[in-house]
Structures are given as C-alpha cells and as structure tokens.
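Residues per chain are reported as follows:
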Amino acid sequence: MPTQNSLVSLDAVELRRLIGARQLSPVELLDACIERITEINPHVNAITATAFDRARAEARAAEQAVMRGEALGLLHGLPLGVKDLEPTAGLLTTFGSEIYRGNVPDRDVELVARLRRAGAIVTAKTNVPEMGAGANSRNTVWGATGNPFNPNLNAGGSSGGSAAALACDMLPVCTGSDTGGSLRIPAAKCGVVGFRPSPGVVPSVRKLLGWTPISVVGPMGRTVADTCLQLAASAGMDAGDPLSYPLDPLSFLEPGRTDLGRLRVAYTEDFGVCAVDNGIRAAFREKIAAMRHLFAACDEVAFDMDDAHRCFDVLRAEAFVAGMREAYEKDPASLGPNTRTNYEMGAAMSLKDSAWGQAAQTRLIKQFQRVYADYDLVLSPTTPVSPFPWTTLYADTINGEKQENYYRWLALTYVITLTTHPAISVPCGRDGQGMPFGLQVVGRFRGDHELLGAARAMEQAFAAVPALARPRPDLSALVKSKAEPALTSIVTTPPILDGQGGGAATSAV
C-alpha cells in the first residue's frame, strides 16, 4: 500500500483503479490531499476557498458505496479542484474579483455538476486572474499563485491555480478553461497537461455569447490519460452550449493507439506572427532535434496568419463587453486593469469591426487547413517566454520588442484558438532557464481523438528521453524556500467556507 506521501503522487487513473478495487479508501485519499494542501499551498497559493468538511462527508459516502458494491462513476472518490471561474454550489466563487468577494452560488455550473455525478468530490477552488483576464494568476481577492518550480515566478493563467495544484500533487483532478491559452499556458509553465478540446466537446454554458467558438472548458491532468479521464466524465451535448453536439464521452477513455512512426509532423517557432524569446526558440529547436526521429517526417513549415492579432482583439473584446457591461457601467473602478482594458477596447468597436473579425476568423480557419493536406500534426512552443516574476503583470517586452497589449504575448496559443482546432500542451523537459517547457500539439479540425492518441504516444516516448521527459518540482526545496506568494501577495482577507483557504490575511502591498 502506498504511503500517504506517495499516495498523492499517483496518477488519477491509478487512484481510481485502487478505489474500485477496494485497495484505497476515498477517505484516506482525501485526508492525504488535505495534508498536502496544508503543507504546500502556503508556498504557491494555488488553492483558494475550500470545502474540506463537506468533502470529508462525501468521501465517507463514497467509501460506503464502494463497500456496498454499487456502480461507481469514472471519478468516484477523487478529490477535485475547480477553477474559480466555475460556479460551485455552497462554495465561494469569486472569479478573482472584488465584486464577487462574498459570492456563494446555490447551484453548480454544468461542468461541475457532471464531474460530481461522475463521483468526483469538490474539495477546493483554484486561483485565477481577475475574471480570467490574462495569463498570470493573481488578483486582489486571493493574491498571486507562484510556480511550483520557483514560487517567485508565475504559474501562468488563467488556469494557473489548477496547474500548480496538479504539479504539487495537491489534487488529482482539476478543471480549466481556455480562450487565448488558459488551459495550455499554465500547463506548460507548471509541467502538466492542458487540453483545449474542439468547441462543443465539453459544454461551456456560462459564456454569454453562446455561438462563439473561442471560449471552451476542458481538462487538465498530470498525464494525458488523466486528462482523458476527466474529459470522458465531462464531454457531451447540453443545450446550454449551442455549439455542443451528440458524441460518446466514453470514447475519450481510449482515444486510440498511435504509431508515431507513421505520422508526418509540421513545426513552427512562431506561426509567422508571434513574438518568441530567443531562448525559447533555441530550446524548441533542441526539442525538435531530440524528437524528430520519432516521426515519419518532421518539417518546418510557414504559415499565413497576418490577420490573427486584430481578429483576436475583436472577438475577445466582444466577449468581455457581453460579460462585463453591467459591472463596468456600475463602477469601472471595481474592475482591474486587464478587465477594464478588454471592456473599453470592445466598447469602442463598431458593427463594422465585429463583421470584419468574424470574416477574418473564417479566412484563418480555411487557410490553416492547408497544412493538414501534407501533415497530421503541428508542433510549436506553448509559451514564448520562460516564467517571469508574478509581480510583473504580463510579459510587456519580448526580445526587446514592446508588446501591444497585456495579452499579445499569448499569441502562440490564441492563433490556434482562432482556428478552432483541438490543441494540447504536453510537458517536454525544461527550457534554458531550468523551468518546464510545454510543447503545443495541434490536431486536425475536430480531430480530438486522434490528437489525444498522438499526445499519449508522445508522452510515453518522451519519458525515455531525459531532455524531453516531464520535469517534477522539488517540493522539499519549495517548503524550505523563503518565497511565499500566499503571504506576500496583494490581498485582504476574503470570506472562506470552512474557514480554510489559500489566500493571505495581509494588507495590500
């Protein structure tokens, strides 16, 4: 039987197997996760509000269901972390915003409801930037999330709390969402897996513009198999998302066995339009050199995506106008600088801008298909820079080039958002700064199963190559570190269910 310390490091798939085989009690697993959260979270501030008392009661009920021989869900007994953009019944949901500092929903959003029905135990919320705006998970309610490999640096965003919690083995299952890269970027920075599914695979019912394909919800995990497990528990049609459609969720459990030696792979450092740090370019070239023998072909290709930046500006701004109008008109000062920037950008746009943005996205989607006439996958770096200090709101310069706005540095991921192709970030060794390097792998249009199968095969192949294998944070060094984002962040004390959580009780700095 694993020790309590080794227990939390087991993959979600293995933990679920042990629970089903009556070799592990959900109560024991939850206690181990709570112990790990208590020990590690003060050093990274990934976990915000908690529901430990309720989770313990649910874990006891899950244990009894196992002993009675009842049918068990895919996630039965697994403690779950929910990104703080997803409403959770009876558990504080702040969206990282002062406006919602005391918001306790009376019902779960559909994503959370599905995961609960699959047997997951909602244990805690995970940190985000305010309203999910940006890729540095810090806000004035909970403070900043530090990177598990160096807590002075950022963990990415907007699913940064989930990525850090997974990397630190605090929870085996965590949710995420993605507009411009919010699943992929924090996964890359923390050395875990983040999958952006095709729009409609997992219903995203909280988006106000139901027909937009740029915002999705999706799974994160320590491994591709763990990611597939959560996807199988959450995928499927729901009228709350008009882009969803009938599919077999269980088909994601085994997306297929892929022979990498038969795949033709294209790669690019920058899609022709993205600013990328020279150090990341060099690291990416080294990664490609170390993996190219795995494929039938591995060729550098050029892309025509000149309209991508303005197109994303328009479509992102539309979404923020839809979601933030009431709050902005009531009190603009209540919103942080990133959120206000998005709203004001959108409010200044016209119907002509909107029409251009929609047409530009359609052109980009069509143009992007050309590469798949000759190749099965497209590879790129996930992020253009190594993790930077969390005290810096965003990467404002890359190679000395001033970035146009606070999210322009996310271009490597948002150009793929615009194409609506499925994309996954898989751990791929370390960069030149010794931090995790994420490889973005982009599949064919609606080719989610094929992409996941290829990613799983790549993960297995990478494990045998030291330069490509998934890095793990040194948690003992993390505990000894003097850097404590949870205690040096920008928050005042928030209300917390259970009276427990990861936010700091300090004055603003």
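Per chain, the residues get numbers from 1 upward, laid out in the order the sequence is written. The predicted origin of the model limits local features to residues at a pLDDT of at least 70 and limits the giving and counting of side-chain atom pairs to 80 or more, whereas totals for whole chains, interfaces and linings rest on all residues. Remark: hydrogens and water are excluded; side-chain values derive from all non-hydrogen atoms of the structure.

Named according to an unreviewed UniProt entry, the chain is Amidase originating from Bordetella genomosp. 10.

Undergrad: So, the overall build of the chain: which residues are in play, and what are the values?
TA: Each helix is a run of DSSP H or I of at least 4 residues and each strand a run of E of at least 2, with the numbering of both proceeding from the N terminus. Each helix and strand counted, the chain has 15 helices and 17 strands in total. C-alpha atoms define the radius of gyration in this analysis, and the globule rule sets the expected value at 2.2 Å times the number of residues to the power 0.38. Since a compact globule built from 509 residues should have a radius of gyration of about 23 Å, the 21 Å found for the chain is in line with a globular shape. With the C-alpha coordinates aligned to their principal axes, the bounding extent of the chain is approximately 55 × 55 × 50 Å. Categorising residues by exposure relies on relative accessible area from a 1.4 Å probe, with only protein chains included: less than 20% of the type maximum marks a residue as buried, more than 50% marks it as exposed, and the intermediate range marks it as partly exposed. Per-residue burial over the chain gives 62% buried out of 509 residues.

Undergrad: Any chance you could break down the nonpolar core for me, citing the residues and the numbers?
TA: Membership of the largest hydrophobic core comes to 150 residues, with the highest contact counts inside it found for Phe271, Met291, Ile424 and Leu439. Contact definition: two residues touch when any of their heavy atoms are within 4.5 Å. Excluding residues within four positions of it along the chain, Met291 makes contact with Leu379, Cys428, Leu439, Phe462 and Leu468. Here, nonpolar core refers to any group of buried Ala, Val, Leu, Ile, Met, Phe, Trp, Tyr and Cys residues whose side-chain atoms link them within 4.5 Å.

Undergrad: Break down the pairing of strand E17 (residues 436-442) for me, with residues and values.
TA: Counting buried positions over the seven residues of E17 gives seven, a clear majority of the element. Every second residue of E17 is oriented toward a common face, with Pro436, Gly438, Gln440 and Val442 on one face and Phe437, Leu439 and Val441 on the other, all of them buried. Where strand E13 (residues 377-381) meets E17, four bridges bridge the pair, whose relative direction is antiparallel. Residue pairing in the sheet places Pro381 in a bridge with Leu439 of E17. The criterion for strand pairing is that DSSP finds at least two bridges linking the strands in question.

Undergrad: Describe empty space enclosed by the protein, with residues and values.
TA: We place a 1 Å grid over just the protein atoms. Points where a 1.4 Å probe fits but has no way out form a cavity, open points with protein on both sides within 12 Å along at least 5 of 7 lines form a pocket, and any residue with an atom within 4 Å of a point lines it. Grid points are joined across faces, edges and corners, and a volume is the space filled by probe spheres set on the points. Under the defined criterion, the tally for this structure stands at three cavities of 30 Å³ or more. By volume, the largest cavity is sized at about 60 Å³. Ala188, Lys189, Ile280, Thr382, Thr383, Val385, Ser386, Pro387, Asp431, Pro436, Phe437 and Gly438 together form the lining of the largest cavity. Looking at the lining of the largest cavity, the elements that each hand over two or more residues are helix H7 (184-190) and E17. Here the element with the most residues in the lining of the largest cavity is E17; it accounts for three residues. Here the lining of the largest cavity is built from residues that sort into six nonpolar, four polar and two charged. Throughout, the ten residues Ala, Val, Leu, Ile, Met, Phe, Trp, Tyr, Cys and Pro are labelled nonpolar, Asp, Glu, Lys and Arg are labelled charged, and all others, Gly among them, are labelled polar.

Undergrad: Give me the side chain of Ser380: which residues, what numbers.
TA: On the secondary structure map, Ser380 appears in strand E13. Leaving out residues up to four positions away in the same chain, Ser380 has contacts with Thr268, Phe271, Phe284, Gly438, Leu439 and Gln440.

Undergrad: Tell me about the sheet that holds strand E1 (residues 47-50), and name the residues and values.
TA: Ordered by their spatial adjacency, eleven strands build an open sheet running E1-E3-E2-E8-E10-E9-E16-E17-E13-E11-E12, and the pairing between neighbours is mixed. Looking at the sheet topology across the chains shown, the edges are occupied by E1 and strand E12 (297-300). Within this sheet the neighbouring strands show an average axis-to-axis angle of 30 degrees, counted without direction. The pairing of strand E9 (residues 193-196) with strand E10 (residues 216-221) spans two bridges and is classified as antiparallel. To obtain an axis, a line is fitted to C-alpha atoms, over the contacting stretch when the element is a helix, and the angle between two such axes runs from 0 to 180 degrees between their N-to-C directions.

Undergrad: Hey, could you go over the pairing of strand E2 (residues 79-83) for me, with residue numbers and the actual values?
TA: Counting buried positions along E2 gives five out of five residues, so the element sits mostly inside the fold. Residues of E2 alternate between two faces, with Pro79, Gly81 and Lys83 on one and Leu80 and Val82 on the opposite face, all of them buried. The sheet contact formed by E2 and strand E3 (residues 121-126) spans five bridges and is parallel. Residue pairing across strands places Lys83 opposite Thr126, the latter belonging to E3. Think of it like this: strands point away, you trace from the first strand over the helix to the second, and a clockwise trace means the crossover is right-handed. What joins E2 to E3 is helix H5 (residues 110-117), and the crossover it makes is right-handed. The pairing of E2 with strand E8 (residues 173-178) spans two bridges and is parallel. Across the sheet, residue Gly81 finds its bridge partner in E8, namely Cys174.

Undergrad: Please give an account of the packing of aromatic side chains that cites residues and values.
TA: Aromatic contacts are taken between Phe, Tyr and Trp rings whose centres are within 6.5 Å, Trp giving its six-membered ring; a plane angle under 30 degrees counts as stacked, one over 60 as edge-to-face, and the others as tilted. For the structure on display, the rule yields twelve aromatic pairs. With 6.1 Å between their ring centres and 70 degrees between their planes, Tyr267 and Phe284 make a pair best called edge-to-face. Highlighted residues: Tyr267 in strand E11 (residues 264-267) and Phe284 in helix H9 (residues 278-291), separated in sequence by 17 residues. You'll find Tyr267 and Phe284 in the same group, each marked buried. Between the aromatic rings of Tyr328 and Tyr343, the centroid separation amounts to 4.2 Å while the plane-to-plane angle is 25 degrees, which identifies the pairing as stacked.

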